[in-house]
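Secondary and tertiary structure notes
The lines below spell out each chain.
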Amino acid sequence: MTANPNTATAERLQKELAAHPRQLLIGGQWKAAQSGKTFATFNPATGQPLGQVAWADAHDVDLAVRAARRAFEDPAWSRISSMDRTKLLLRLADLIERDAQELAVLECLDNGKPAHLARLVEIEGSIKTFRYFAGWPTKFGGETLPVSPRGGLQILNYTTREPLGVCALIVPWNYPMSMAAWKIAPAVAAGCTVVLKPAEQTPLTALRLAALALEAGFPPGVINVVTGMGETGAALVEHPGVDKVAFTGSTEVGKKIVRAASGNLKKVSLELGGKSPQVVFADADIDAAVASIAAGIFFNQGQTCTAGSRLYAHRSCIDRIVEGVAAAGRKLRIGNGLDPQSEFGPLISQEQWDRVNGFVQSGQADGARLVTGGTRPEGFDDGYFFKPTVFTDAGQTMKITREEIFGPVLTALPWSDPEELVAHANDSEFGLSAGIWTQNIRNAHRMAAALKAGTVWINCFNLVDPASPFGGYKQSGWGREHGRQAMELYSEVKSVWVNVS
Ligand code: NAP
Ligand code: MG
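Residues numbered from 1 in each chain as written. Chains lettered and ligands numbered in written order. Predicted model: local features only at pLDDT ≥ 70, side-chain atom pairs only at ≥ 80, totals over all residues. Heavy atoms only, no water.

1. Remarks on the site of ligand 1
With respect to spatial proximity, 30 residues lie near ligand 1, and among them Val171, Trp173, Lys197, Ser250 and Glu404 are the closest. Taking Gly230, its main chain carries an N or O atom lying 2.9 Å from an oxygen atom of ligand 1. Within the contact set of ligand 1, an oxygen atom lies 2.9 Å away from a side-chain nitrogen or oxygen of Arg355. Relative to its unbound accessible area of 870 Å², ligand 1 is 88% covered by the protein chains. Applying the majority rule of atoms within 2 Å of the grid points places ligand 1 in the largest pocket. Among the secondary structure elements, those contributing two or more residues to the shell around ligand 1 are helix 9 (231–238), strand 10 (244–248), helix 10 (251–260) and helix 13 (350–365). Per-element tally for the shell around ligand 1: the top contributor is helix 10, with three residues. (Near = heavy atom within 4 Å. Polar contact = N/O pair within 3.5 Å; in protein donor to acceptor, adjacent residues only side chain to side chain. Areas by Shrake-Rupley, 256 points an atom, 1.4 Å probe, with all protein chains shown as cover. 1 Å grid on protein atoms, 1.4 Å probe; cavity = no way out; pocket = protein on both sides within 12 Å on 5 of 7 lines; lining within 4 Å. Sits in = over half its atoms within 2 Å of the grid points. Helix = DSSP H or I, 4+ residues; strand = E, 2+ residues; numbered from the N terminus.)

Encoded structure:
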């Protein structure tokens with residue numbers, strides 16, 4: 001048997017974490033919180049603390065925002081050439097690649113997800129994100145526009161793109177490294193400076209990423225990190241020195257952020273919850289659909305904003321699909337993410353476990369049929385493990401059909417009337433994504449047009465790429481990340497009128 005390469009890395013990281021509290025990065029300096037306060041971050045696979053992390057309050061946040069402002073105005077950043085911004089982003093991508101294995105193990109320890117999947121999705125994904133946005137500084141510009149003002153004036157009208165300013169980036173715990181990369185990369189590509197606030201459950205990879213950015217040569221204060229909980233995020237969104245907030249997390253907190261940002265009318269972009277439908281027609285390739293629907297709900301233990309959590313399958317094939325997805329769920333190898341054999345880790349926290357369990361209880365109480373899962377797996381007394389779970393015979397008004405569970409729980413409903421299918425699939429406060437399974441091109445495109453969702457996948461699911469816009473309709477958010485749209489989120493447009501008569 002070959003030795004598990006993750007074990008030695010994990011032991012070394014755990015020793016370092018236990019010995020030294022992690023500090024804030026403010027203006028290029030690592031600092032303890034001014035209050036001296038720290039909080040613990042935990043390993044969800046064991047429930048044990050990994051180490052202490054600085055707990056920033058409003059004073060530390062103020063220092064970080066001021067540092068970001070100074071860096072924004074400093075010619076070292078404000079006058080940097082677009083090609084030099086490209087070089088910095090590419091260098092950071094190379095450093096993430098150099099440390100990929102260690103970052104994957106760190107994410108596994110802090111978040112619980114299997115290290116090999118963290119590497120594939122989060123670390124490789126972040127490298128790709130930085131390389132993609134590295135291409136934008138030299139290509140993101142304005143236009144000249146054919147205006148026709150009154151009075152016969154001859155006018156040259158052109159637009160420029162300017163960086164928006166100091167951006168607060170608030171990210172969740174489900175994909176900690178990727179969510180930080182999705183925001184930092186376009187923000188700095190556009191010329192902004194940032195204060196990043198990772199989730200209290202998963203601060204570690206964000207801090208490492210910031211250390212790599214310093215090593216890459218980003219000027220001090222361009223990327224700052226404040227860790228903490230409760231007051232930390234709130235202080236950041238209320239701060240009058242912040243020009244924009246980019247947030248990913250719950251719809252509930254998204255609404256709080258909108259209210260808190262109104263003081264100085266900060267620009268706000270939001271990537272919030274989802275309850276994404278998977279729509280299966282009778283003519284679908286059932287085997288392909290089953291495999292992808294299972295991955296679409298069970299990947300990352302269902303803690304994915306785009307999780308395909310509502311299955312609408314045609315009455316003629318629903319039993320086969322539900323049985324297939326349940327069987328795929330039972331087959332998943334549950335385990336500590338350091339084990340390269342593990343395919344399915346723990347949930348993030350006891351709080352999240354209780355929340356998922358509460359939804360399972362409510363599904364049963366409402367009369368849905370539990371096909372598989374619904375409990376802690378046998379032999380996993382420690383940590384926050386929860387079995388892959390499938391409900392069928394659910395109703396459209398049940399809580400398990402309407403609310404975001406953010407756990408490995410699929411709710412299946414049959415359909416027979418296509419009009420009703422569209423109405424039910426769209427009957428949600430969310431509109432983040434949707435999956436369509438059919439071999440009929442007409443069905444596929446009609447449904448793609450009819451579904452109210454920011455992303456539609458046809459005969460595939462959960463594919464993301466920095467080139468393609470990502471975000472939600474309705475209460476799933478404001479704005480789009482990735483692509484040119486992300487560069488627009490972090491910049492202002494200036495229209496310049498020149499009288500050339
Ligand atoms: P959350 O509260 O929305 O947390 C996301 C981020 O927002 C964290 O960094 C959090 O920091 C920060 N935050 C919380 N309150 C804030 C405030 N008043 N002002 C500014 N920032 C604030 O998510 P959660 O409570 O951990 O998870 C609850 C539910 O949210 C989940 O069950 C799931 O339904 C949903 N969720 C969705 C996504 C997604 O990708 N769309 C991701 C995560 C969670 P601290 O908590 O450290 O203070
Ligand atoms: Mg943790």
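Once the structure has been displayed, the description carries forward.
2. Examining the coordination of the magnesium ion (ligand 2)
By definition of the ideal shapes, four donors in a tetrahedron about a metal sit 109.5 degrees apart, and six donors in an octahedron sit 90 or 180 degrees apart. Here the magnesium ion (ligand 2) is held by the protein donor atoms Thr41 (OG1), Phe42 (O), Asp110 (O), Asp110 (OD) and Gln201 (O), which lie 2.2 to 2.8 Å from it. Within one chain, the residues donating to the magnesium ion (ligand 2) are spaced in sequence as T-F-x67-D-x90-Q. In this pair, Thr41 is assigned in strand 3 (residues 38–43) and Gln201 in the loop between strand 8 (193–197) and helix 8 (204–216), connecting sequence segments 160 residues apart. Looking at Thr41, the relative accessible area reads 1%, which means it is buried. (Donors = N, O, S within 2.8 Å, 3.2 Å for Na, K, Ca; no water. Buried < 20%, exposed > 50% of the residue type's maximum accessible area, 1.4 Å probe, protein only.)

3. With respect to the layout of surface pockets
The calculated volume of the largest pocket comes to roughly 1500 Å³. Lining the largest pocket are 50 residues, and of these Trp173, Gln201, Gly249, Ser250 and Val253 lie nearest its centre. Counting residues per element, the lining of the largest pocket draws most heavily on helix 10, which supplies six residues. Across the lining of the largest pocket, the residue classes break down as 24 nonpolar, 14 polar and twelve charged. If you add up the space inside the second largest pocket, you get close to 660 Å³. Along its surface, the second largest pocket is lined by 27 residues, and Val121, Phe299, Asn462, Leu463 and Val464 are the ones closest to its centre. Listed by contribution, the elements that provide at least two residues to the lining of the second largest pocket are helix 6 (115–134), helix 7 (176–189) and helix 11 (286–298). With seven residues, the top contributor of residues to the lining of the second largest pocket is helix 6. Per-class residue counts for the lining of the second largest pocket are 14 nonpolar, ten polar and three charged. (Points joined across faces, edges and corners; volume = space filled by probe spheres on them. Nonpolar A, V, L, I, M, F, W, Y, C, P; charged D, E, K, R; others polar.)

4. Focus: the pattern of salt bridges
Considering all chains together, one arrives at 24 salt bridges under this definition. Across the salt bridge formed by Asp99 and Arg98, the nearest N and O atoms sit 2.9 Å from each other. A salt bridge links Glu481 to Lys183; the nearest nitrogen and oxygen atoms lie 2.9 Å apart. Of this pair, Glu481 sits in the loop between strand 21 (477–478) and helix 17 (483–489) while Lys183 sits in helix 7, and the two are 298 residues apart along the sequence. Lys183 matches Glu481 in its accessibility class, with the two residues each being buried. Taken together, the salt bridges that share partners define one network made up of Arg12, Glu16, Arg22, Arg98, Asp99, Glu102, Arg208 and Glu215. (Salt bridge = Lys/Arg side-chain N within 4 Å of Asp/Glu carboxyl O.)

5. Quick word on empty space enclosed by the protein
According to the stated counting rule, one finds three cavities of 30 Å³ or more in the structure shown. Estimated volume of the largest cavity: approximately 80 Å³. If you trace the largest cavity, you find 16 residues lining it, with Pro277, Arg310, Phe430, Gly431 and Lys452 closest to the centre. For the lining of the largest cavity, the secondary structure elements donating two or more residues are helix 15 (418–426), strand 17 (430–431) and strand 18 (433–437). In terms of residue class, the lining of the largest cavity is made up of seven nonpolar, five polar and four charged.

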